[in-house]
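Commentary on secondary and tertiary structure
Okay, here's what each chain looks like letter by letter:
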Amino acid sequence: MNKIIRSGRNNYILILFLSVVPLLLHLYTNAFAGYGYFRDELYYLACSNRLDLGYVDQPPLSIYFLFLSRNIFGDSLFGIRLLPAVISALTIYFTCLMTISFGGRKFAIIISSVAVIFAPVYLAMNAYYSMNSFDILFWSIASYVIVLIVKENKFSYWILLGFIIGIGLLNKIGFLWLGFGFFAGLVL
């Protein structure tokens, strides 16, 4: 956050604006132009009716978030898909942070954000409720922390990375690939 403030108030406003773009895009789609429930959403809804510490085919974190979301926003399609829309905005926010960490200015921030906002896989994964939207966010946060580790090498960033990897693993086991790739990079 200090890096953003040091890079200028205009960059901070730009980052907030760019982060709101996918949020509005997904909110509009979910309110007016979306399809009905996706088959995986129905399964996640059924899982959220019976909370557990683990399921046969998935870790529990995204199901717990869905349980909270349903209790706050209701069971409507718009309410269920609100959280992935917010997650898409947070993914853009961390993309902008990474761009600034690499020394990017306004043009680089805009290009990186537009590339992530309109990437078809991100548009698709954040258009409905699934653990994949959380996975994309956790990979983004972990990547940003790895950039901070490489640049500043503070011990507190290592602890933060371990926490993020732990949370990511509670969401999806595929997060191990990031840990394996980072470990292999450290060894090399």
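Provided above is the structure to which this section pertains.
Residues numbered from 1 in each chain as written. Predicted model: local features only at pLDDT ≥ 70, side-chain atom pairs only at ≥ 80, totals over all residues. Heavy atoms only, no water.

Next up on the list: the nonpolar core. Formed by 40 residues in total, the largest nonpolar core has its most connected members in Phe94, Ile109 and Leu161. Of all the elements in the fold, those that place two or more residues in this core are helix 2 (9-33), helix 3 (39-49), helix 4 (61-73), helix 6 (82-101), helix 7 (106-117), helix 9 (131-152), helix 10 (155-171) and helix 11 (176-187). Broken down by element, the residue count for this core peaks at eleven residues, all from helix 9. Formed by five residues, the second largest nonpolar core is a distinct cluster that contains Leu23, Leu27, Leu82 and Ala89. (Core = buried A, V, L, I, M, F, W, Y, C linked by side-chain atoms within 4.5 Å. Buried < 20%, exposed > 50% of the residue type's maximum accessible area, 1.4 Å probe, protein only. Helix = DSSP H or I, 4+ residues; strand = E, 2+ residues; numbered from the N terminus.)

So, on to the packing of helix 2 against helix 6. Direction vectors running N to C along helix 2 and helix 6 enclose 150°, while the axes themselves pass 8 Å from each other. With respect to helix 6, the axis of helix 2 lies roughly antiparallel. Read as a crossing pair, helix 2 and helix 6 show a hand that is right-handed. When helix 2 is examined against helix 6, the residues Tyr12, Ile15, Leu18, Ser19, Pro22, Leu23, His26 and Leu27 are found in contact with a partner set consisting of Leu82, Ala85, Val86, Ser88, Ala89, Ile92, Tyr93, Cys96 and Ile100. (Axes fitted to C-alpha atoms, helices over the stretch in contact; angles between N-to-C directions. Parallel < 35°, antiparallel > 145°, perpendicular 65-115°, else oblique. Left-handed = near helix turned anticlockwise from the far one by under 90°. Contact = heavy atoms within 4.5 Å.)

As a further point, take the side chain of Thr95. Counting through the fold element by element, Thr95 comes out in helix 6. At a separation of 2.8 Å, a polar atom in the side chain of Thr95 contacts the main-chain carbonyl oxygen of Thr91. (Polar contact = N/O pair within 3.5 Å; in protein donor to acceptor, adjacent residues only side chain to side chain.)

Before going further, it helps to examine the packing of helix 2 against helix 7. At a minimum axis separation of 10 Å, helix 2 and helix 7 run at an interaxial angle of 10°. As judged from the angle between their axes, helix 2 and helix 7 are roughly parallel. Contacts from Asn10, Asn11, Leu14, Ile15, Leu18, Val21 and Pro22 in helix 2 reach Lys106, Ile109, Ile110, Ser113 and Ile117 in helix 7.

All right, on to the packing of aromatic side chains then. Following the criterion strictly, the structure yields eleven aromatic pairs and no others. Look at Phe38 and Tyr128: their rings are 4.4 Å apart centre to centre, the planes differ by 45°, and that puts the pair in the tilted class. Here Phe38 is found in the loop between helix 2 and helix 3, whereas its partner Tyr128 is found in the loop between helix 8 (120-125) and helix 9, with 90 residues between them in sequence. Phe38 gets classed as partly exposed once you look at its relative accessible area, which sits at 26%. (Phe/Tyr/Trp six-rings, centres within 6.5 Å; stacked < 30°, edge-to-face > 60°.)

Turning to the environment of Leu188, a few remarks are in order. With respect to the helices, strands and loops of the structure, Leu188 is situated in the segment after helix 11. Residue Leu188 is classed as exposed on the basis of its relative accessible area of 90%. Separated by 30 residues in sequence, Leu188 and Trp158 place their C-alpha atoms 18 Å apart.

Our focus in this paragraph is the environment of Arg50. Tracing the chain through its elements places Arg50 in the loop between helix 3 and helix 4. A residue is classified by how much of its surface remains accessible, and Arg50, at 66% relative accessible area, is exposed.

This part covers helix 3. All of the buried residues in helix 3 are Glu41, Tyr44, Leu45, Cys47 and Ser48. Buried residues of helix 3 fall within an arc of 160° about the axis and therefore sit on the same side. In helix 3, those exposed residues whose orientation departs by more than 90 degrees from the buried face are Arg39 and Asn49. Along its buried surface, helix 3 packs onto helix 4, helix 5 (77-80) and helix 9. (Arc of directions from axis to C-beta.)

Turning to the pattern of salt bridges, a few remarks are in order. Applying the stated criterion across every chain, the model contains three salt bridges. Arg81 is paired through a salt bridge with Glu41; the nearest N and O atoms lie 2.7 Å apart. Residue Arg81 is found in the loop between helix 5 and helix 6, and its partner Glu41 is found in helix 3; the two are separated by 40 residues along the sequence. Notably, a salt bridge pairs Arg70 with Asp75, separated by 2.6 Å at the nearest N-O pair. (Salt bridge = Lys/Arg side-chain N within 4 Å of Asp/Glu carboxyl O.)

Between the first and last C-alpha of helix 7 there are 16 Å, a value that for twelve residues agrees with the 16 Å anticipated at 1.5 Å per step. Of the residues making up helix 7, those classed as buried are Ile109, Ser112, Ser113, Val116 and Ile117. Taken around the axis of helix 7, the buried residues stretch over an arc of 130°, which confines them to a single face. At its buried positions, helix 7 is contacted by helix 2, helix 6 and helix 8. (Expected span 1.5 Å × (residues − 1).)

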